[in-house]
Amino acid sequence: MPVQIHQWADIAEHYNDGLLLGNGASIAVDPRFSYSSLFAAASERGFLTEPVRQVFERFDNSTDFEYVLRKLWQAKQVNQALGIESEVVDAAYQQVRTALIETIRATHLTHAEALPNLEPIYQFMRRFKTVLSLNYDLIVYWAALRGNDALAGEHRFKDCLVNGALDDDWARLREPLRRNQTVTIFFYPHGNLVLARNPNDRELKITADGGRLLEEIIAGWENGRYVPMFVSEGTSVQKREAIGASNYLSEVYFNAIPDIGSTLVIYGWRLGEQEAHLLHQLKRSVPRRVAVSLYPLCPEHQRDAARIEEQLLSIGVAQVEFFDSRSSGCWKNPVVADDVDL
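Notes on the structure follow. Computed from a predicted structure; not experimentally measured.

What counts and what doesn't
Residues numbered from 1 in each chain as written. Predicted model: local features only at pLDDT ≥ 70, side-chain atom pairs only at ≥ 80, totals over all residues. Heavy atoms only, no water. Helix = DSSP H or I, 4+ residues; strand = E, 2+ residues; numbered from the N terminus. Rg over C-alpha atoms; globule rule 2.2 N^0.38 Å. Buried < 20%, exposed > 50% of the residue type's maximum accessible area, 1.4 Å probe, protein only. Contact = heavy atoms within 4.5 Å. Areas by Shrake-Rupley, 256 points an atom, 1.4 Å probe, with all protein chains shown as cover. Lys, Arg positive; Asp, Glu negative; His and termini not counted. Charge placed at Lys NZ, Arg CZ, Asp CG, Glu CD. Axes fitted to C-alpha atoms, helices over the stretch in contact; angles between N-to-C directions. Nonpolar A, V, L, I, M, F, W, Y, C, P; charged D, E, K, R; others polar. Pairing = 2+ DSSP bridges. Parallel < 35°, antiparallel > 145°, perpendicular 65-115°, else oblique. Left-handed = near helix turned anticlockwise from the far one by under 90°. Salt bridge = Lys/Arg side-chain N within 4 Å of Asp/Glu carboxyl O. Phe/Tyr/Trp six-rings, centres within 6.5 Å; stacked < 30°, edge-to-face > 60°. Patch = residues over 30% accessible without salt bridge, like charges linked within 9 Å, V, L, I, M, F, W, Y side chains within 5 Å. Polar contact = N/O pair within 3.5 Å; in protein donor to acceptor, adjacent residues only side chain to side chain.

### Quick notes on the overall build of the protein
When its secondary structure is counted, the protein shows 13 helices and 13 strands. Taking 2.2 N^0.38 as the reference for a compact globule, 342 residues should give roughly 20 Å; the C-alpha atoms of the protein span a radius of gyration of 20 Å, in line with that estimate. Considering only C-alpha atoms, the protein reaches an extent of 65 × 50 × 40 Å along its principal axes. Per-residue burial for the protein yields a buried fraction of 52% across its 342 residues. Excluding contacts between residues fewer than 6 apart, the proportion of contacts in the protein whose partners are at least 24 apart in sequence is 76%. When the accessible surface of the protein is totalled, it reaches about 15700 Å², and 48% of it is carbon and sulfur. On the protein, the mean spot of the 35 positive side-chain charges and the mean spot of the 45 negative ones are 3 Å from each other.

So, in structure tokens, the structure goes:
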């Protein structure tokens, strides 16, 4: 029996705890994010030269830029500390870094291009107490900055990063700073472009004016001030290993995900096999009710719905429902006049 696909406005009142965003959310904003991976994008655009491919092959055929860069950077730091020549390592690092930088430049939209979508996005996100973004791009961060400027004392988006590091007691940041203010806290379970490691392996947030942030990030990579901290590829097991190598990602994985609340909205995430580790954490404190976006124009949407519903019910979710990802008021879709009072 075909699943019922609601309009967002028809079910929105039941959901205000958690929002989990997958790659489909980024693709809805810009089709350049539709590559299956950064590695695939780099390959199609000709940035993976033969020397770069050989570097990836030496790391068990990994396709994760962050993993390979992190390992090469750590090797560079050890060689420097021991006074060992590291020309081969340096060359490999520079080749992989250049491929990543050129791929990001070619596939990431600019702040100006994102700007028309930022208001509906922050208006959508503000209804939730917690937002989890699985995407490496800057869309959620830009929307949060824009929302903080526009909403002033009315609402506050917080990434729980204080002085560049995740606050040890991030749960306290749920409390508003002012009376009658509401708060949304947001996290990146797989890291993000805005997160990085410095040469001392300290995790930090790269800051700059929203319009200059992407170039500041790339400049920091180019001059060696940072290496990126996001998990863009791999199986669920490989992603879990990468999460274990980061204080920030571990805290989000073990504590923030299970704290998502009793209702959850999933937008643009198909619950793929490579992200089974996320379902494992949701199972620790199962949401009672979950709404999942579907794109009805996709020929496989009914089959996807059946699979997703089965996965969620299997971890103990009591009620699963679906809504049209194009419907008014959800994610980047502005509220249309007829839905204002719904």
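Next, the rest of the story.
### Things to note about the packing of helix α10 (residues 236–244) against helix α11 (residues 247–256)
Where α10 meets α11, the closest approach of the two axes is 7 Å, and the angle between their N-to-C directions is 115°. In contact with Arg240, Ala242, Ile243 and Gly244 of α10, α11 contributes Leu249, Ser250, Tyr253 and Phe254. Tallied by class, residues from the contact of α10 with α11 come to 5 nonpolar, 2 polar and 1 charged.

### Quick notes on the sheet that holds strand β1 (residues 5–6)
The sheet built from 8 strands is open, its strands ordered β1-β13-β12-β11-β2-β3-β7-β4 with parallel pairing. Each edge of the sheet is formed by a strand with only one pairing partner; in this case those strands are β1 and β4 (155–158). Strand direction decides the pairing type here: β1 and strand β13 (residues 319–324), joined by 2 bridges, are parallel. Within the sheet, the bridge partner assigned to His6 lies in β13 and is Phe323. Set on the sheet, helix α13 (residues 301–314) makes contact with β1, β12 (289–294) and β13; between it and β13 the angle comes to about 150°.

### Quick word on the packing of helix α5 (residues 65–82) against helix α6 (residues 87–107)
For the pair α5 and α6, interaxial distance at closest approach is 9 Å and the crossing angle is 150°. The angle between α5 and α6 falls in the class roughly antiparallel. In the packing of α5 onto α6, the handedness of the crossing is left-handed. Along the contact surface, α5 presents Phe65, Val68, Leu69, Leu72, Trp73, Ala75, Lys76 and Asn79, while α6 presents Val89, Asp90, Ala92, Tyr93, Val96, Arg97, Ala99 and Leu100. The residue inventory of the contact of α5 with α6, partitioned by class, reads 12 nonpolar, 1 polar and 3 charged.

### Comments concerning the sheet that holds strand β9 (residues 203–205)
Spatially, β9-β8-β10 is the arrangement adopted by the 3 strands of the open sheet, whose pairing is antiparallel. Only two strands of the sheet have a single partner each, and these edge strands are β9 and β10 (227–230). On average, adjacent strands in this sheet sit at an angle of 50° to one another, irrespective of strand direction. With 4 bridges connecting them, strand β8 (residues 191–197) and β10 associate as antiparallel partners. When the bridges of β10 are listed, Arg197 appears paired with Val227. Seen against the sheet, helix α9 (residues 213–222) touches β8 and β10 and runs at an angle of roughly 40° to β8.

### Some points on the pairing of strand β2 (residues 18–21)
Both faces of β2 are covered, namely the face carrying Gly18 and Leu20 and the face carrying Leu19 and Leu21. Relative to strand β11 (residues 263–267), β2 runs parallel, the two being bridged by 4 bridges. Looking at the pairing, Leu21 lines up with Tyr267 of β11.

### Focus on the pattern of salt bridges
Using the criterion set out here, one finds 22 salt bridges in the structure. Linked through salt bridges whose partners overlap, the residues forming this network are Glu66, Arg70, Arg197, Asp201 and Glu203.

### A closer look at the packing of aromatic side chains
Inspection of the entire model under this criterion finds 14 aromatic pairs. When the centroid spacing of 6.5 Å and the interplanar angle of 35° are considered together, the rings of Trp8 and Tyr15 count as tilted. On the basis of relative accessible area, Tyr15 is assigned to the buried category, the value being 0%. Geometrically, the ring pair formed by Phe33 and Tyr136 is edge-to-face, given 6.2 Å between the ring centres and 75° between the ring planes.

### Focus: a nonpolar patch on the surface
Residues Val78, Leu82 and Ile84 make up a contiguous nonpolar surface patch of about 280 Å² in total accessible area. By the secondary structure assignment, Leu82 is in helix α5.

### What about the side chain of Glu275?
If you trace the backbone, Glu275 turns up in the loop between β11 and α12 (276–282). Ignoring any residue separated from it by four or fewer positions in sequence, one finds Glu275 in contact with His190, Ser236, Lys239 and Trp269.

### A short note on the environment of His155
With respect to the helices, strands and loops of the structure, His155 is situated in strand β4. Residue His155 is classed as buried on the basis of its relative accessible area, which comes to 0%. For the pair His155 and Val183, spaced 28 residues apart in sequence, the C-alpha to C-alpha distance is 5.7 Å. Dropping the residues within four chain positions of it, His155 is found in contact with Arg126, Asn148, Gln181, Thr182, Val183 and Thr184. A polar atom in the side chain of His155 sits 2.5 Å from the side chain of Thr182.

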